[in-house]
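Now for the letters of each chain:
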Amino acid sequence: MTDPTFEFTRAITRKPAASITEGLRAEDIGTPDLERMLAAHAHYVETLKRTGAEVIELPPLEDFPDAVFVEDTALCLPQGAVLMRPGAPSRMGEVAEMSPTLHRVYDDVRRIEGPGHIEGGDILVTGREVLVGRSDRTDEQGVEELRNIISEWGHKLREVLTPPGVLHFKTDCSLLDGETILSTKRLDDSGCFEGYRVLHTAEGEEAAANSIRFNQFVLCPDGFPETAEMLDKAGFEVVQIDNAECAKLDGGMSCLSLRF
Ligand code: CIR
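Values in this document were obtained by computation on a predicted structure and should not be read as measured data.

**Overview of the overall build of the protein chain**
So, point 1. When you go through the protein chain residue by residue, the secondary structure sums to six helices and 15 strands.
So, point 2. Its C-alpha atoms give the protein chain a radius of gyration of 17 Å, within 12% of the compact-globule value 18 Å for 260 residues.
So, point 3. Structurally, the protein chain occupies a C-alpha span of about 45 × 40 × 35 Å along its principal axes.
So, point 4. Sorting the 260 residues of the protein chain into buried and exposed places 57% on the buried side.
So, point 5. Taking contacts inside the protein chain between residues at least 6 apart in sequence as the whole, the part at least 24 apart equals 68%.
So, point 6. Accessible area for the protein chain stands at about 10,800 Å²; split by element, carbon and sulfur atoms hold 48% of it.
So, point 7. The distance from the centre of the 26 positive side-chain charges to the centre of the 47 negative ones in the protein chain is 3 Å.

What follows is the structure, encoded as C-alpha cells:
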C-alpha cells in the first residue's frame, strides 16, 4: 500500500442502486434521479482511472439505498483497513458487504466491534495524523476503539468536532496534500487545523469543501466556480464532477470511494 496522503494505487466504488431514491437525507430537496447519478458516477470512476489507479467497481445494492457512499464503511491505511460501525442504523449492513473486498486487498483487516459508532466520512487522514470529528454518526466510544486499533499501526488520532448540523467532518474539508487542507471557513474557525496550510472555499460555496485530491487531480463538485478557480491558481488540476443528485442525499466527492 502507498502513502495515503500522496499517492493512491487503488480505489473502491459502488454503483448507485435504483433504491437511491430512499437514501437518507437531512432535508428533502428533491428525489435523486438515478440516470443522472449514474452518469455522474461514471465520470467520477473514469477520472479516478485516468490517474492510472485500479478502481474496484462493486455492484449496486438495492437493499442499502446509501451503499454508493462507500467511504463510510471503512478506513483504509497503508498498514491495514478498519471496518466501521455506522451511526445510521439503515447503513450498518453495508459494512458486511464491503468486508470481502477489503479482505481480498489487505492482509490486516480489523473492525469496530461497538458499542460505539463511527463512519468514514468523519475521518481525515493527513500527512501527520488521523483527525476524527465527533458527529451525530460518530461517538466517543467509536473514536476510542479506532484510536486503539490504529495506534498499534503507529498512527496518532486527534479527536475534533464536526460542526453542529453538518453530517460529517469531511462534509466541510478535504486534504489537498500532506499539509494543505481545503476547508469551509466555519470549520477552520474552530481551530482544528492549526499548523496546517488551509485554503478556504469561497463564500456561499461551502459544499465545494467535500472534494478529493486523487493523485494528479482534485475532484471537485460542479457549480462552485470561485473555489475551482482558487484551487487552479494554487496549482491543483481540478476536475469538476456533477454532484447534483448525490447532494440531495448529503453526499459529495469523498463519500463515493475508498482510496488507498
Ligand atoms: C447518509 O446520510 O449517510 C448518506 N445519505 C450520505 C453519506 C455521505 N457520506 C459521506 O459524507 N462520507
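**Observations concerning the environment of Val45**
So, point 1. Here Val45 is to be found in helix H1 (residues 34-50).
So, point 2. Expressed as a C-alpha distance, the spacing of Val45 and Thr13, which sit 32 residues apart in the sequence, is 7.6 Å.
So, point 3. In this structure, Val45 is in contact with Thr13, Val55 and Glu57, ignoring residues within four places of it in sequence.

**Points about the site of the ligand**
So, point 1. As a structural note, the neighbourhood of the ligand is formed by 13 residues, with Asp66, Asp72, Arg91, Arg137 and Leu249 the closest of them.
So, point 2. The separation between a nitrogen atom of the ligand and a polar side-chain atom of Glu71 is 2.9 Å.
So, point 3. With respect to the ligand, the side chain of Arg91 contributes an N or O atom lying 2.9 Å from an oxygen atom.
So, point 4. The fraction of the free accessible surface of the ligand (350 Å²) that becomes covered by protein chains is 99%.
So, point 5. Along the lines of polarity and charge, the residues of the shell around the ligand split into five nonpolar, two polar and six charged.

**Here's the deal with the nonpolar core**
So, point 1. Counting 22 residues, the largest nonpolar core has Tyr44, Leu48, Phe69, Ile212, Phe214 and Leu219 as the members making the most contacts within it.
So, point 2. At four residues, the largest contribution of residues to this core is made by H1.
So, point 3. Sequence-distant contacts of Leu219, that is, excluding residues within four places in its chain, are made with Tyr44, Thr47, Leu48, Ser211, Ile212, Phe214, Val239, Ile241 and Met253.

**Quick word on unusual backbone geometry**
So, point 1. Here the amide bond leading from Gly114 into Pro115 is cis, since omega sits at 15°, within 30 degrees of zero.
So, point 2. For Asn215, which is not glycine, the phi torsion reads 50° and is therefore positive.
So, point 3. One can find Asn215 in the loop between strand S12 (212-214) and strand S13 (217-221).
So, point 4. For Asn215, a relative accessible area of 15% gives the class buried.
So, point 5. Despite not being glycine, Asp250 shows a phi value in the positive range, around 65°.
So, point 6. Tracing the sequence through the fold places Asp250 in the loop between helix H6 (244-247) and strand S15 (258-259).

**Re the sheet that holds strand S1 (residues 10-14)**
So, point 1. Strand order in the open sheet formed by three strands is S2-S1-S15, and the pairing between neighbours is mixed. One side of each edge strand has no neighbouring strand; the edge strands of this open sheet are strand S2 (54-58) and S15.
So, point 2. Relative to S15, S1 is paired through two bridges, and the arrangement is antiparallel. For Ala11, the partnering residue across the bridge sits in S15 and is Arg259.
So, point 3. Sitting on the sheet, H1 is in contact with S1, S2 and S15, with an inclination near 170° to S1.

Thresholds applied
- Residues numbered from 1 in each chain as written.
- Predicted model: local features only at pLDDT ≥ 70, side-chain atom pairs only at ≥ 80, totals over all residues.
- Heavy atoms only, no water.
- Helix = DSSP H or I, 4+ residues; strand = E, 2+ residues; numbered from the N terminus.
- Rg over C-alpha atoms; globule rule 2.2 N^0.38 Å.
- Buried < 20%, exposed > 50% of the residue type's maximum accessible area, 1.4 Å probe, protein only.
- Contact = heavy atoms within 4.5 Å.
- Areas by Shrake-Rupley, 256 points an atom, 1.4 Å probe, with all protein chains shown as cover.
- Lys, Arg positive; Asp, Glu negative; His and termini not counted.
- Charge placed at Lys NZ, Arg CZ, Asp CG, Glu CD.
- Near = heavy atom within 4 Å.
- Polar contact = N/O pair within 3.5 Å; in protein donor to acceptor, adjacent residues only side chain to side chain.
- Nonpolar A, V, L, I, M, F, W, Y, C, P; charged D, E, K, R; others polar.
- Core = buried A, V, L, I, M, F, W, Y, C linked by side-chain atoms within 4.5 Å.
- Pairing = 2+ DSSP bridges.
- Axes fitted to C-alpha atoms, helices over the stretch in contact; angles between N-to-C directions.

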